[in-house]
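Spelled out from the first residue to the last, the chains are:
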Amino acid sequence: MAILVCGGAGYIGSHYVRALRERGETPVVLDNLLSGHAASVPADVCLHTGDMRDPALLESVFSRHAVDAVVHFAASSLVGESMERPLEYFHNNVHGMQVLLEAMVRHRVDKIVFSSTASVYGEPERIPIVEDSPLRPASPYGESKLFMERMTAWAGKAHGIRSVILRYFNVAGAWPGGEIGEDHQPESHLIPLVLQVPLGRRRCVTIFGDDWPTPDGTCIRDYLHVMDLVDAHVRAVEYLHGGGSSLVCNLGNGTGFSVRQIVDAASRVTGMPVAVEVGPRRAGDPACLVASAERARQALGWQARAGIEDILASAWAWHQAHPHGFGGRVRR
């Protein structure tokens, strides 16, 4: 039986695919390669290149493979971009989920793990955030993910699809040994941007606002190592295979780090200073997002293990070896 990994050539999806392969399982990847990289998918893993919104493509994938469960990473995911192009986000994310769920119903696939986001909470009333906190997205990205969650829940009621929805926060780091890592074009994630400064690829990193209601005036986020996140997805599929009922879980360290703290930690890990400049706030950004992952601990037996310097050290190893991402590797 196969696990269909939508977005399996992307940053998180590719790490999950490798973890499945190492466990002796059979991942099948579907990715349009707009933000993913074919080079991140092992040569012995079946890669279907195309858009999840294409019903004919999904029909072909589900007909060709004995898909037992779906893990869904394929969604547009930039808050700022979603504010500028909301309709594209709803079409890609929400319509894509509809087409996927319809294919699952046709082929009687009843298990899905969906990568959602802390952005469904908007500006939280209290920290740490628990799963029954008010859901008030502050961006089209967060709104689209919330729609996707609700569609999945209603499909469960109507068609018996059981789901684990994982709401996570900021993810960074790389595969042990640095075979694969984070490579977005253009890059928009904080830790890769910070590390481009000591790599000499960027003069400085921009802090979007230093007047937030936080101790040092910069936004606070909860950071996860990508391998901890992969572990949660592995456990979520096992939970569903064991007959578990539908579940929504936050994933996080439970400890927040400000942008300035990340910059300082990067300087310690790399041994080089990281220059910063302050820009205006970005629309749709909450001041502070930190998760309570107690439900994931109880239901899935999961907890984050890597600290922020562990995350940065693995990311630094990847970026040193691949300063241009999958486009080039440093020869040593």
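Residues numbered from 1 in each chain as written. Predicted model: local features only at pLDDT ≥ 70, side-chain atom pairs only at ≥ 80, totals over all residues. Heavy atoms only, no water.

A. Spatial organisation of the overall build of the protein chain. For the protein chain, the count of helices and strands is 10 helices and 13 strands. A compact globule built from 332 residues should have a C-alpha radius of gyration of about 20 Å, and the protein chain, at 19 Å, falls within 12% of that. With respect to the three principal axes, the spread of C-alpha positions in the protein chain is 55 × 50 × 40 Å. Within the protein chain, buried positions represent 56% of all 332 residues. Residue pairs at least 24 apart in sequence account for 77% of intrachain contacts in the protein chain once pairs closer than 6 positions are excluded. For the protein chain, the exposed surface amounts to about 14,100 Å²; the carbon and sulfur share of it is 49%. Taken as two groups, the 31 positive and 36 negative side-chain charges of the protein chain have centres that lie 2 Å from each other. (Helix = DSSP H or I, 4+ residues; strand = E, 2+ residues; numbered from the N terminus. Rg over C-alpha atoms; globule rule 2.2 N^0.38 Å. Buried < 20%, exposed > 50% of the residue type's maximum accessible area, 1.4 Å probe, protein only. Contact = heavy atoms within 4.5 Å. Areas by Shrake-Rupley, 256 points an atom, 1.4 Å probe, with all protein chains shown as cover. Lys, Arg positive; Asp, Glu negative; His and termini not counted. Charge placed at Lys NZ, Arg CZ, Asp CG, Glu CD.)

B. Local environment of the pattern of salt bridges. Enumeration over the complete set of coordinates arrives at 19 salt bridges. As a salt-bridge pair, Lys 111 and Asp 68 come within 3.3 Å of each other at their nearest N and O atoms. Residue Lys 111 is located in strand S5 (residues 111–117), and its partner Asp 68 is located in strand S4 (residues 67–72); the two are separated by 43 residues in the primary sequence. A relative accessible area of 7% means that Lys 111 is categorised as buried. Of the charged contacts in the structure, one is a salt bridge between Glu 294 and Arg 297, with a shortest N-O distance of 2.4 Å. Pair noted here: Glu 294 and Arg 297 are both in helix H9 (residues 294–300), with a separation of 3 residues, about one helical turn. Among the charged side chains, a salt-bridge network with shared partners connects Arg 23, Glu 25 and Glu 238. (Salt bridge = Lys/Arg side-chain N within 4 Å of Asp/Glu carboxyl O.)

C. A look at the side chain of Lys 145. Examined against the element boundaries, Lys 145 turns out to sit in helix H5 (residues 140–159). One buried charged residue, Lys 145, forms no salt bridge at all, with the nearest opposite charge on Glu 149 at 8.2 Å.

D. Representation of unusual backbone geometry in the model. Cis peptide bonds are those with omega within 30 degrees of zero, and the linkage from Ile 127 to Pro 128 qualifies with 0°. Tracing the chain through its elements places Pro 128 in the loop between S5 and H5. Here the phi dihedral of Leu 33 falls at roughly 65°; this positive angle occurs in a residue that is not glycine. For Leu 33, the location among the structural elements is in the loop between strand S2 (26–31) and strand S3 (46–49).

E. Here's a closer look at the nonpolar core. Counting residues in each nonpolar core, the largest one holds 64 residues, and the members touching the most others are Tyr 16, Leu 166, Tyr 168, Ile 191, Leu 251 and Trp 302. The element best represented in this core is helix H7 (residues 226–241), accounting for 9 residues. Excluding residues that lie within four positions of it along the chain, Leu 251 makes contacts with Leu 166, Arg 167, Tyr 168, Phe 169, Leu 224, Leu 229, Ala 232, Ala 291, Ala 293, Ala 296 and Trp 302. Counting residues in hydrophobic clusters, the runner-up holds 26 residues, among them Leu 58, Val 99, Ile 112 and Met 148. (Core = buried A, V, L, I, M, F, W, Y, C linked by side-chain atoms within 4.5 Å.)

F. Expanded view of empty space enclosed by the protein. Within this structure, the stated rule accounts for 1 cavity of 30 Å³ or more. Lining the largest cavity we find Ala 9, Gly 10, Tyr 11, Ser 14, Ser 35, His 37, Ser 40, Gly 181, Glu 182, Asp 183, His 184 and Phe 326. Here the residues of the lining of the largest cavity are counted per class, giving 3 nonpolar, 7 polar and 2 charged. (1 Å grid on protein atoms, 1.4 Å probe; cavity = no way out; pocket = protein on both sides within 12 Å on 5 of 7 lines; lining within 4 Å. Points joined across faces, edges and corners; volume = space filled by probe spheres on them. Nonpolar A, V, L, I, M, F, W, Y, C, P; charged D, E, K, R; others polar.)

G. Representation of the packing of helix H1 (residues 11–22) against H7 in the model. The geometry of H1 relative to H7 is characterised by a closest axis approach of 9 Å and an angle of 60° between their N-to-C directions. Overall, the two elements H1 and H7 adopt an arrangement that is oblique. Our pair here, H1 against H7, has a crossing hand that is right-handed. Residues Tyr 11, Ile 12, His 15, Tyr 16 and Ala 19 of H1 touch H7, and the partners they reach there are Val 226, Met 227, Leu 229, Val 230, His 233, Val 234 and Val 237. Its residues assigned to classes, the contact of H1 with H7 comprises 10 nonpolar, 2 polar and no charged. (Axes fitted to C-alpha atoms, helices over the stretch in contact; angles between N-to-C directions. Parallel < 35°, antiparallel > 145°, perpendicular 65-115°, else oblique. Left-handed = near helix turned anticlockwise from the far one by under 90°.)

H. Seen up close, the sheet that holds S5. The parallel open sheet is built from 7 strands, whose spatial order is S3-S2-S1-S4-S5-S6-S10. Two strands close off the open sheet at either side, each with one partner strand: S3 and strand S10 (247–251). Across the sheet, the mean angle separating the axes of adjacent strands is 20° when strand polarity is ignored. Pairing between strand S1 (residues 2–6) and S4: 5 bridges, direction parallel. Paired with Ala 2 across the strands is Val 67, a residue of S4. The sheet strands contacting H5 are S4, S5 and strand S6 (162–168), and the helix crosses S5 at an angle near 160°. Running over the sheet, H7 touches S1, S4, S5, S6 and S10 and is turned about 160° from S6. (Pairing = 2+ DSSP bridges.)

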